[in-house]
Amino acid sequence: MIITTNDILYRIKKALHLTNEEILKAYGLEEYEMTPEHLESLLKRRQDKGFEQCSYEELGVFLDGLVTLKRGPAPQKKNEEEAVELTNNLILKKLRIALNLKEHELQMLFALVDVELSKQQLSSLFRKESHKNFKPCSDELLDAFLEGLDEFYYEGGEEY
């Protein structure tokens, strides 16, 4: 199963009960021009009329904006950040930061969808790629995390 950028954007919106206005605010916090119409086209299903593919840049900027929206601005933000490839590991890391998730909370979210990860397995997802214990986050694992997040909110979990 391949998870697309549009799927990720839509599933985060759904799991966190975000309104389009909140998503637009997240883009605005990163000084990214996102129109309501374009956002609507990104949230449509592939087969729907007006669907547009969400770029990695658009998803990355949204995740950065979500961190700022949920946690406030970074104390010292670099003016010129080098471009970083948006991987499943980075998506997971940005969501962890935005929602201020601790290790046991991450394990609980995965457990909600019957995915058991040890502390070592979990920490390996957040290491630098150059680290010997780094483990790439598969589409299936990211999908399970998003499903666990949705399940947590559906079950009436705490608001982050």
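Positions within a chain are numbered from 1, following the residues in the order the chain's sequence is written. With the structure being a predicted model, the display of local features is reserved for residues of pLDDT at least 70 and the display and counting of side-chain atom pairs for 80 or more, all residues being used for whole-chain, interface and lining totals. Where side-chain values are given, they derive from all heavy atoms of the structure, hydrogens and water being excluded.

Chemist: Please explain unusual backbone geometry as it appears in this structure.
Modeler: Among all residues save glycine, negative phi is the norm, and among peptide bonds the norm is trans. Look at His-17: it is not a glycine, yet its phi comes out positive at around 55°. The way it works is that DSSP assigns letters per residue, a run of H or I at least four long becomes a helix, a run of E at least two long becomes a strand, and they are numbered from the N terminus. On the secondary structure map, His-17 appears in the loop between α1 (5-15) and α2 (20-29). Non-glycine residue Glu-31 carries a positive phi angle of around 55°.

Chemist: I'm lost on the packing of α1 against helix α3 (residues 36-43) in this one. Help?
Modeler: Interaxial angle, 0 to 180 degrees, is taken between N-to-C directions of lines fitted to C-alpha atoms, where a helix line uses only the stretch in contact. The N-to-C vectors of α1 and α3 enclose an angle of 105°; their axes lie 9 Å apart at closest approach. Classified by the interaxial angle, the pair formed by α1 and α3 is roughly perpendicular. On α3, the residues touching Asn-6, Leu-9, Tyr-10 and Lys-13 of α1 are Leu-39, Leu-42 and Leu-43. Orientation categories follow fixed angle ranges, with anything under 35 degrees roughly parallel, anything over 145 roughly antiparallel, 65 to 115 roughly perpendicular, and all other angles oblique. Only heavy atoms enter the contact rule, under which two residues are in contact if any of them lie within 4.5 Å.

Chemist: For this particular structure, what's the right way to read the side chain of Thr-68?
Modeler: Summarising the element assignment, Thr-68 is placed in helix α4 (residues 56-71). In contact with Thr-68, not counting residues within four places along its chain, are Leu-29, Glu-30 and Pro-73.

The values are spatial; any link to function lies outside them.
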